[in-house]
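Here is what each chain is made of, one letter per residue.
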Amino acid sequence: MKTLKYFLTLALIMFLLNACEYDNYDEPNVTLSGQLKYDGENLNTRQNVLLKLYQYREDGYVAAGARSLDVRVDQEGKYSALLYPGRYKMVIYADGGINYIYDWLDFPKNSEGKNDTLYFDLNGSKTLDFNVRPYYKINDFKAFYRNDSIISNFSIERLTDIETPSIVGFRQVSMRLSPTMHVNNDTPLSFTKTGVTVNTPIEIKGSLKDYYSNTYYKNNFRDYVYVRIAVSLRVSGQEYIYSNVVQVKGIPQETINKLK
């Protein structure tokens, strides 16, 4: 019995020593951050994986199939990652859809003109902004309350000569409503407008009855709503060109009581 206790105690000591050894690794201490921009202004998008990072080993080699670090962007176009110093390569995350709705103006290109790989050293915190041009732009977006409904007015401008990224016909443009400022692909309440054309005024109307009575927004008694416009493109069924988020405040209490 004493021998068994001895070996169990020894095993516990070895385990704790190993745990301490693992815990003594330095934590990541440098930040890579940046912003998506268009025409000098911050670009609104949606929260999603934006970039993939691969860190070189000490021998200067990245193995095929090496695990990458996903870097996410928020709906204001900002991204940030806490990293170790070292050498990195970066690619745009293609599967997320963002790769297909913007022209990446200052990202490296290969011989075919497609987005390639960016290489850089990270010895201290670094800011790396990316200038992009969305295929479409939402202009003069305004949203307001009227007659138990939310009304949005805006127009759409085409910014590319590429033929492929046309607006999807069956779900073209939508107005999305949410009780929080996070309005994106996962927002369940939207009102769709079809048959739109570029460079012409567009109006979308959404009944607040759907906002106050739907099952997704529990106990929704708010006198405000967050509104955003999304444009769907044929080039990517997963991604949308987004407007900024607008808050409509001051919905009358009598409207809330009637529709909830």
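In this text the structure is predicted, and so the values were computed from the model without any measurement.

## A word on the side chain of Thr117
Then comes step 1: Turning to its location among the elements, Thr117 is positioned in the loop between strand 7 (102–104) and strand 8 (118–122).
Then comes step 2: For Thr117, a relative accessible area of 17% translates into the label buried.
Then comes step 3: A polar side-chain atom of Thr117 sits 3.4 Å from a polar atom in the side chain of Asp116.
Then comes step 4: If we skip the residues at most four places from it in the chain, Thr117 touches Lys89, Met90, Val91 and Pro108.

## Brief notes about the packing of aromatic side chains
Then comes step 1: Across all of its chains, the model carries 10 aromatic pairs by this definition.
Then comes step 2: Consider the rings of Tyr211 and Tyr217, whose centres lie 5.8 Å apart with planes at 65°: the pair is edge-to-face.
Then comes step 3: Residue classification places Tyr217 among the buried residues on the basis of a relative accessible area of 10%.
Then comes step 4: Aromatic ring contacts, followed pair by pair, group Tyr79, Trp104, Phe107 and Phe130 into a single cluster.
Then comes step 5: Of note, Arg87 hangs over the ring of Tyr56, and the distance from its end group to the ring centre comes to 4.4 Å.
Then comes step 6: When the ring centre of Tyr54 is taken as origin, the NZ or CZ atom of Lys89, which lies over that ring, is 5.3 Å away.

## A few points about the confidence of the model for the chain
Then comes step 1: Of all residues in the chain, 81% attain a pLDDT of 70 or more, and the chain-wide mean is 85.
Then comes step 2: Element-level pLDDT for the chain is lowest in helix 1 (residues 2–23), with a mean of 52, against a maximum mean of 98 in strand 18 (residues 246–249).

## What to know about the sheet that holds strand 12 (residues 149–158)
Then comes step 1: Spatially, three strands are ordered 11-12-15 in an open sheet, and the strand pairing comes out antiparallel. At either margin of the open sheet sits one strand with a lone partner, and together these are strand 11 (136–146) and strand 15 (202–207). Going across the sheet, the axis of each strand differs from the next one's by a mean of 20°, ignoring polarity.
Then comes step 2: With nine bridges joining them, strand 11 and strand 12 adopt antiparallel strand pairing.

## Some thoughts on unusual backbone geometry
Then comes step 1: If you check the backbone angles, Asp39 has positive phi at about 55° while not being a glycine.
Then comes step 2: Residue placement: Asp39 occurs in the loop between strand 1 (30–38) and strand 2 (41–42).
Then comes step 3: Residue class for Asp39 comes out exposed when judged on its relative accessible area of 66%.

## Re the layout of surface pockets
Then comes step 1: Considered as a void within the structure, the largest pocket measures approximately 300 Å³ in volume.
Then comes step 2: Those elements that provide at least two residues to the lining of the largest pocket are strand 2, strand 11 and strand 17 (236–242).
Then comes step 3: Grouping the constituent residues of the lining of the largest pocket by class yields eight nonpolar, four polar and three charged.
Then comes step 4: As for the second largest pocket, its lining consists of Pro28, Leu53, Tyr54, Gln55, Arg67, Ser68, Leu69, Leu82, Leu83, Tyr84 and Tyr88.

## Focus on the nonpolar core
Then comes step 1: Residues Met90, Trp104 and Phe130 are the most contacted members of the largest nonpolar core, which totals 59 residues.
Then comes step 2: Here this core gets five residues from one element, more than from any other, and that element is strand 16 (residues 224–233).
Then comes step 3: In this view, Met90 contacts Leu32, Leu51, Lys52, Leu53, Phe107, Asp116, Thr117, Leu118, Phe120, Leu128 and Phe130; residues no more than four positions away in its chain are not counted.

## Some remarks on the side chain of Asp103
Then comes step 1: Tracing the backbone shows Asp103 in strand 7.
Then comes step 2: A residue is classified by how much of its surface remains accessible, and Asp103, at 16% relative accessible area, is buried.
Then comes step 3: Those residues in contact with Asp103, other than ones at most four positions away along the chain, are Asn131, Val132, Arg133, Tyr135, Thr160 and Ile162.

## Things to note about the environment of Ala81
Then comes step 1: Inspection of the secondary structure puts Ala81 in strand 5 (residues 78–83).
Then comes step 2: For the pair formed by Ala81 and Leu53, sequence separation is 28 residues and the distance between their alpha carbons is 9.8 Å.
Then comes step 3: Apart from the residues lying within four places of it in its own chain, the contact partners of Ala81 are Val30, Thr31, Leu32, Leu69 and Val71.

## What to know about the pairing of strand 13 (residues 173–178)
Then comes step 1: In terms of burial, strand 13 is largely enclosed, as six of its six residues are buried.
Then comes step 2: Residues Val173, Met175 and Leu177 line one face of strand 13 and the alternating positions Ser174, Arg176 and Ser178 line the opposite face, and both faces are buried.
Then comes step 3: Bridge analysis of strand 13 against strand 14 (residues 189–193) gives five bridges, and the strand direction is antiparallel. Along strand 14, the bridge assignment pairs Leu177 with Leu189.
Then comes step 4: Note: strand 13 against strand 16, six bridges, orientation antiparallel.

Cut-off values and rules
- Residues numbered from 1 in each chain as written.
- Predicted model: local features only at pLDDT ≥ 70, side-chain atom pairs only at ≥ 80, totals over all residues.
- Heavy atoms only, no water.
- Helix = DSSP H or I, 4+ residues; strand = E, 2+ residues; numbered from the N terminus.
- Buried < 20%, exposed > 50% of the residue type's maximum accessible area, 1.4 Å probe, protein only.
- Polar contact = N/O pair within 3.5 Å; in protein donor to acceptor, adjacent residues only side chain to side chain.
- Contact = heavy atoms within 4.5 Å.
- Phe/Tyr/Trp six-rings, centres within 6.5 Å; stacked < 30°, edge-to-face > 60°.
- Lys NZ or Arg CZ within 6 Å of the ring centre and 35° of its normal.
- pLDDT = per-residue confidence, 0-100.
- Pairing = 2+ DSSP bridges.
- Axes fitted to C-alpha atoms, helices over the stretch in contact; angles between N-to-C directions.
- 1 Å grid on protein atoms, 1.4 Å probe; cavity = no way out; pocket = protein on both sides within 12 Å on 5 of 7 lines; lining within 4 Å.
- Points joined across faces, edges and corners; volume = space filled by probe spheres on them.
- Nonpolar A, V, L, I, M, F, W, Y, C, P; charged D, E, K, R; others polar.
- Core = buried A, V, L, I, M, F, W, Y, C linked by side-chain atoms within 4.5 Å.

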